[in-house]
Amino acid sequence: MSHASDVRLTEEERAMLAGEAGPAVRKAMEIVVALARIYGARHLVPVESVQVAGVSYKNLGDAGLQFLREWADEGARARVPAFLNPAGMDLQRWKELGIPEDFARAQAAVIEAYTRMGIAPSLTCTPYYIGLRPAFGSHVAWSESSAVSFANSVLGARTNREGGPSALAAAIAGRTGAYGLHLDENRRATCLIEVRAPVRSIADIGALGALAGELVRDGVPYFRGLDLSWTRRPEEALKALGAAMAASGAVALYHVEGLTPEAGLPEILPADVRVLTIHDLTAGYQKLNGPLEEIDLVSLGCPHASLEELGEVARFLAGRHVRTRLWITTARQVREQAERAGIVAQIEAAGGQVVADTCVIVAPVELLGVRSLATNSAKAALYARSHSGLETRFGTTEQCLEAALTGRWRGP
Ligand code: F3S
């Protein structure tokens, strides 16, 4: 145990690290303790849930699949509730989307390995829409960056941005190191952002987040002057803000005055904090838009869409028909709710697809002949370029749906 002497372990933890609970648990504990040491944790902290990213075969490849199978073969099992981020395809309708057969086979094998380890195939980046909402102050180990941001900022739970293997290790060990955002002192704002630009839509929020993430990098911004009274569902705006900042920077926690649960806590905003002012969102929009006019695919639902967002799309499309491919990506459970509400049928009648289990970034869209994308998500716009080499257009939900109807992007 000498290598863990600087991280205080309980008796049970020492036994787990010594292999008394089997080789799979030992391996998990070795990873958890090694990370705890690197980040200077004094002890471990039990986690209430784990969200595991690193699910799409597009990103894992055969080496990743092999790694998962070996760990599952060794007897690895999650000891706390654990669930998966989106995969590379809709598990039920992959053929319809044009996913190649060999990709589908490998993707199914990845999910089989995770399921064998007791990890639920929820396949969503918005677990909070399917009842997985950690309580204020609870410790969790989540890994998809927008979900991490939401859990920390909107729910007031505590998680670092785990990597795929480290989240899996936390699920098997049931704990993580007490460092980073698990500690009070690291949850204080590192800068104050005064918002002077008008913000009136999810796209404006995305442009703001794209700018703020670049300015703040991995710090903790505190927003003042961000008015969300234009929306009846402020959580959706906060979801988009967190996703954008996690993509353009590495923000895992932010506070919004009057809105997020830790913003009013004493000492959360140090007196000598750096102040930045955002007067205008134009640079944010420019960063997310290419000169493209013809659109192959319009994708909404990054992060995964809520039932209300699906309802909005259905209402907009009533009596019309799309010319491009239109995906609205969501959690399977939310899709099922939308099916029962008749929303899926309405969207499909207009030629759109409500796609579950995946998204435009983790699906192999480049294999589907897609070259250009329109989206209302700053995160999707940024990642579609860097991960899939797509040209992108970014704007409001209405602009995206107009583009789906005409095949062309209108507006700046
Ligand atoms: Fe979720 Fe995919 Fe966007 S995982 S946050 S929909 S890139």
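Here the structure is shown first, and the text comes after it.
### A closer look at the pairing of strand β6 (residues 221–224)
Then comes step 1: In terms of strand pairing, strand β5 (residues 191–195) meets β6 through 4 bridges, oriented parallel. Along β6, the bridge assignment pairs Leu192 with Tyr222.
Then comes step 2: Following the chain from β5 across helix α8 (residues 202–216) to the adjacent parallel β6, one finds a crossover that is right-handed.
Then comes step 3: Across 2 bridges, β6 lies against strand β7 (residues 255–256) in parallel orientation. Paired with Tyr222 across the strands is His255, a residue of β7.
Then comes step 4: In this fold, β6 hands off to helix α9 (residues 234–248), which returns the chain to β7; that crossover is right-handed.

### Digging into empty space enclosed by the protein
Then comes step 1: Taken as a whole, this structure holds 2 cavities of 30 Å³ or more when the rule is applied.
Then comes step 2: Empty space within the largest cavity amounts to approximately 50 Å³.
Then comes step 3: Sorting the residues of the lining of the largest cavity by element identifies α2 (23–38), α7 (164–173) and β4 (175–177) as the ones contributing at least two each.
Then comes step 4: Residue contributions to the lining of the largest cavity peak at 3 residues, all from β4.
Then comes step 5: Classifying every residue of the lining of the largest cavity by side-chain character gives 4 nonpolar, 3 polar and 2 charged.
Then comes step 6: Estimates place the volume of the second largest cavity at around 30 Å³.

### Observations regarding the sheet that holds β5
Then comes step 1: Read across the sheet, 4 strands follow the order β7-β6-β5-β8 without closing on themselves; strand pairing throughout is parallel. Strand pairing shows two members of the sheet lacking a second neighbour, β7 and β8 (274–278), which therefore form its edges.
Then comes step 2: Across 5 bridges, the pairing between β5 and β8 is parallel. By the bridge assignment for β8, Leu192 is matched with Val275.
Then comes step 3: Where α8 meets the sheet, it contacts β5, β6 and β8, and its direction lies at approximately 150° from that of β8.

Cut-off values and rules
- Residues numbered from 1 in each chain as written.
- Predicted model: local features only at pLDDT ≥ 70, side-chain atom pairs only at ≥ 80, totals over all residues.
- Heavy atoms only, no water.
- Pairing = 2+ DSSP bridges.
- Helix = DSSP H or I, 4+ residues; strand = E, 2+ residues; numbered from the N terminus.
- Right-handed = clockwise from strand over helix to strand, strands pointing away.
- 1 Å grid on protein atoms, 1.4 Å probe; cavity = no way out; pocket = protein on both sides within 12 Å on 5 of 7 lines; lining within 4 Å.
- Points joined across faces, edges and corners; volume = space filled by probe spheres on them.
- Nonpolar A, V, L, I, M, F, W, Y, C, P; charged D, E, K, R; others polar.
- Contact = heavy atoms within 4.5 Å.
- Axes fitted to C-alpha atoms, helices over the stretch in contact; angles between N-to-C directions.

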